[in-house]
Amino acid sequence: MPAAPPPEGKCHRCKQTRPLFERKPDHDCIDSIGRVDLIEAARLIAEIEDQGDHWCTRRIEGLPPVKLCVRCHDADATEEAQHVAEHQL
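Calculation notes
Residues numbered from 1 in each chain as written. Predicted model: local features only at pLDDT ≥ 70, side-chain atom pairs only at ≥ 80, totals over all residues. Heavy atoms only, no water. Helix = DSSP H or I, 4+ residues; strand = E, 2+ residues; numbered from the N terminus. Buried < 20%, exposed > 50% of the residue type's maximum accessible area, 1.4 Å probe, protein only. Contact = heavy atoms within 4.5 Å. Polar contact = N/O pair within 3.5 Å; in protein donor to acceptor, adjacent residues only side chain to side chain. Salt bridge = Lys/Arg side-chain N within 4 Å of Asp/Glu carboxyl O.

## Points about the environment of Ile30
Here is step 1: Its location among the elements puts Ile30 in helix H1 (residues 29-33).
Here is step 2: The class of Ile30 is partly exposed, set by a relative accessible area of 28%.
Here is step 3: In this structure, the C-alpha to C-alpha distance between Ile30 and Arg59, residues 29 residues apart in sequence, is 8.7 Å.
Here is step 4: Apart from the residues within four sequence positions on either side, Ile30 is in contact with Cys56, Arg59 and Ile60.

In structure tokens, the structure reads:
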């Protein structure tokens, strides 16, 4: 039985109506940091937000993963890899 086609909708990034795929980040600053005290957590959250890490910021804010079209999914993965290479915590 063939797989069902992905649902169509408006891409979170380019706003075009296309088949969408959920994009979960490849990195996870929160899990890699581990358990810290409250003051250290606040400092690290501010650092994540200041660095423009919108992938982990979405997780901190409790937002669901974004839904992207194939083109934007690949572009977001590339952008995330570059961000991780530049900002190793």
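Next comes the rest of the account.
## Quick notes on the side chain of His27
Here is step 1: Turning to its location among the elements, His27 is positioned in the loop between strand E3 (21-23) and H1.
Here is step 2: Judged by relative accessible area, His27 falls into the buried class, the value being 16%.
Here is step 3: Engagement of the side chain of His27 in a polar contact is seen with the side chain of Asp53, the distance being 3.0 Å.
Here is step 4: One polar contact links His27 to Glu80, side chain to side chain, over a distance of 2.5 Å.
Here is step 5: Among residues more than four places away in sequence, those in contact with His27 are Asp53, Trp55, Cys56, Glu80 and Val84.

## Some words on the pattern of salt bridges
Charged atoms that come close allow side chains of opposite charge to pair.
Here is step 1: This model, assessed by the stated rule, comprises nine salt bridges.
Here is step 2: The partner of Arg13 in a salt bridge is Asp76, with the nearest N and O atoms 3.4 Å apart. Of this pair, Arg13 sits in the loop between strand E1 (8-10) and strand E2 (17-19) while Asp76 is found in helix H4 (residues 70-86), placing the two residues 63 residues apart along the sequence.
Here is step 3: Of the residues examined, Arg13 reaches a relative accessible area of 37% and is grouped as partly exposed.
Here is step 4: On the basis of relative accessible area, Asp76 is assigned to the buried category, the value being 5%.
Here is step 5: Through salt bridges that share partners, Arg13, Arg23, Asp76, Glu79 and Glu80 make up one connected network.

Keep in mind these numbers describe shape, not what the thing actually does.
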